[in-house]
Amino acid sequence: MDDSSLYAGIAGASLEVEKADLGSGITVSKTYAHLMAPFMMAFTPAPPGKPHPAPWRAAKGGFGFDISVQIEAPPHLHASLDQRDILWLLAALLRLRIGPRLIIPVLANAPFAQALASEDITFWPLEVEPRFLDLSPESRASINALDLAWIKKHWVSTARLLEKNSEFSLALEAADQSMFARHAPLALVWMWTALETMFSTGRDELRYRVSTALASYLEPAGLGRLSLQKHIGKLYDARSAAAHGRNEKATDALHRTYEVLRRTILKMIEDDHVPTKTELEAKVFGADQE
């Protein structure tokens, strides 16, 4: 796959423009394909290395995805990230921008439209597991020109942040993949693990330290920062309850925690900087103003 372009099929969101350039040969365009996986049953053991012999019977169920957008990633884009990594990153940024609604059910080694005329195209199923959780009910279902301009501006610098900062990498993965968790408490603990890793400035009074550092990072000094610190402290209580098997109000806490994590990652991306523990402590105590 490294010697030709790789195409990601996007389901769950439409594109408001026909085609857009994201730089370095990456393009986003409209398309159509339908990935389907009906469940089938066979009733005779398969010989070694061969399929099960007929007759086959269809079972109820299965799944399918309408693909309406494709992203093309040409070869040799990045020294340390391969095409799959780049396509995941672009999808992750789109999910941060419009909400965690879209998925990549399938990859292809040619544009999806060419499959009508060629049988030489290979398809690789990717994000086909069920999406159990709705992390953000306010998600949009369309990608507009401003969204694409934002992706174009920030994807290269975000790739650099992923390379050099493991805490940022964990946070982006937690925000992006928590929608595939089977239960809200699991996603809640995952997202808080990422936030604790970035914003814990010590082992004592973890709830206070994390909520204060986060609020200081996201809000300037004043009543807004104080209000956010109290809000984050309550979300941390929900995380602790989930970690100990108490699931009350987990769904509401999930939505609010996702929004805090999303806001944090977006700020880091737009600042092109992940704050150090020293910088966070300085901000908490106002020393960053000197």
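Before going into details, it helps to say that this report is about the structure given with it. (Residues numbered from 1 in each chain as written. Predicted model: local features only at pLDDT ≥ 70, side-chain atom pairs only at ≥ 80, totals over all residues. Heavy atoms only, no water.)

### Some thoughts on the nonpolar core
With 90 residues, the main nonpolar core has Ile71, Phe168, Phe199 and Ile265 as its most contacted residues. Ignoring anything within four residues of it in the chain, the contact list for Ile265 reads Leu96, Phe168, Ala171, Leu172 and Ala175. (Core = buried A, V, L, I, M, F, W, Y, C linked by side-chain atoms within 4.5 Å. Buried < 20%, exposed > 50% of the residue type's maximum accessible area, 1.4 Å probe, protein only. Contact = heavy atoms within 4.5 Å.)

### Remarks on helix H3 (residues 166–177)
With 12 residues, H3 should cover 16 Å at 1.5 Å per step; its first-to-last C-alpha distance of 16 Å lies within 8% of that length. Among the residues of H3, Phe168, Ala171, Leu172, Ala174, Ala175, Asp176 and Gln177 are the ones counted as buried. Close packing links the buried residues of H3 with helix H1 (83–98), helix H2 (145–164), helix H4 (184–199) and helix H7 (250–271). Capping of H3 at its N-terminal end is provided by Asn165; its side-chain oxygen lies 3.0 Å from the backbone amide nitrogen of Glu167. (Helix = DSSP H or I, 4+ residues; strand = E, 2+ residues; numbered from the N terminus. Expected span 1.5 Å × (residues − 1). Polar contact = N/O pair within 3.5 Å; in protein donor to acceptor, adjacent residues only side chain to side chain.)

### Quick notes on empty space enclosed by the protein
Vacant regions in the atomic arrangement are exposed by a probe of water-molecule size rolled over the atoms. Tallied over the entire structure, the rule returns 1 cavity of 30 Å³ or more. Considering the residues around the largest cavity, the lining is formed by Ala92, Arg95, Leu96, Pro100, Leu172, Ala175, Asp176 and Tyr258. For the lining of the largest cavity, the secondary-structure elements that each account for two or more residues are H1 and H3. Classifying every residue of the lining of the largest cavity by side-chain character gives 6 nonpolar, no polar and 2 charged. (1 Å grid on protein atoms, 1.4 Å probe; cavity = no way out; pocket = protein on both sides within 12 Å on 5 of 7 lines; lining within 4 Å. Points joined across faces, edges and corners; volume = space filled by probe spheres on them. Nonpolar A, V, L, I, M, F, W, Y, C, P; charged D, E, K, R; others polar.)

### Some details on the layout of surface pockets
Computed from the structure, the second largest pocket encloses a volume of approximately 190 Å³. If you tally residues by element for the lining of the second largest pocket, the top one is strand E4 (residues 26–37), at 4 residues. Residues of the lining of the second largest pocket, tallied by class, amount to 10 nonpolar, 1 polar and no charged.

### A short note on the packing of helix H5 (residues 206–218) against H7
Direction vectors running N to C along H5 and H7 enclose 50°, while the axes themselves pass 11 Å from each other. By the angle class used here, H5 and H7 are oblique. Of the two elements, H5 crosses H7, and the hand of that crossing is left-handed. Each of Leu214, Tyr217 and Leu218 in H5 lies in contact with H7, whose residues at this interface are Val260, Arg263, Thr264, Lys267, Met268 and Asp271. (Axes fitted to C-alpha atoms, helices over the stretch in contact; angles between N-to-C directions. Parallel < 35°, antiparallel > 145°, perpendicular 65-115°, else oblique. Left-handed = near helix turned anticlockwise from the far one by under 90°.)

### A closer look at the packing of aromatic side chains
Geometrically, a pair of aromatic rings is defined through the distance of the ring centres and the angle of the planes. Counting across every chain of the model gives 4 aromatic pairs. Aromatic side chains Trp192 and Tyr236 sit 5.1 Å apart centroid to centroid with 90° between the ring planes, which places their arrangement in the edge-to-face category. One end of the pair, Trp192, is in helix H4; the other, Tyr236, is in helix H6 (residues 223–243), with 44 residues separating them in the sequence. On the accessibility criterion, Trp192 (1% relative accessible area) is buried. In this arrangement the basic side chain of Lys267 is found over the ring face of Tyr217, its NZ or CZ atom lying 5.1 Å from the centre. (Phe/Tyr/Trp six-rings, centres within 6.5 Å; stacked < 30°, edge-to-face > 60°. Lys NZ or Arg CZ within 6 Å of the ring centre and 35° of its normal.)

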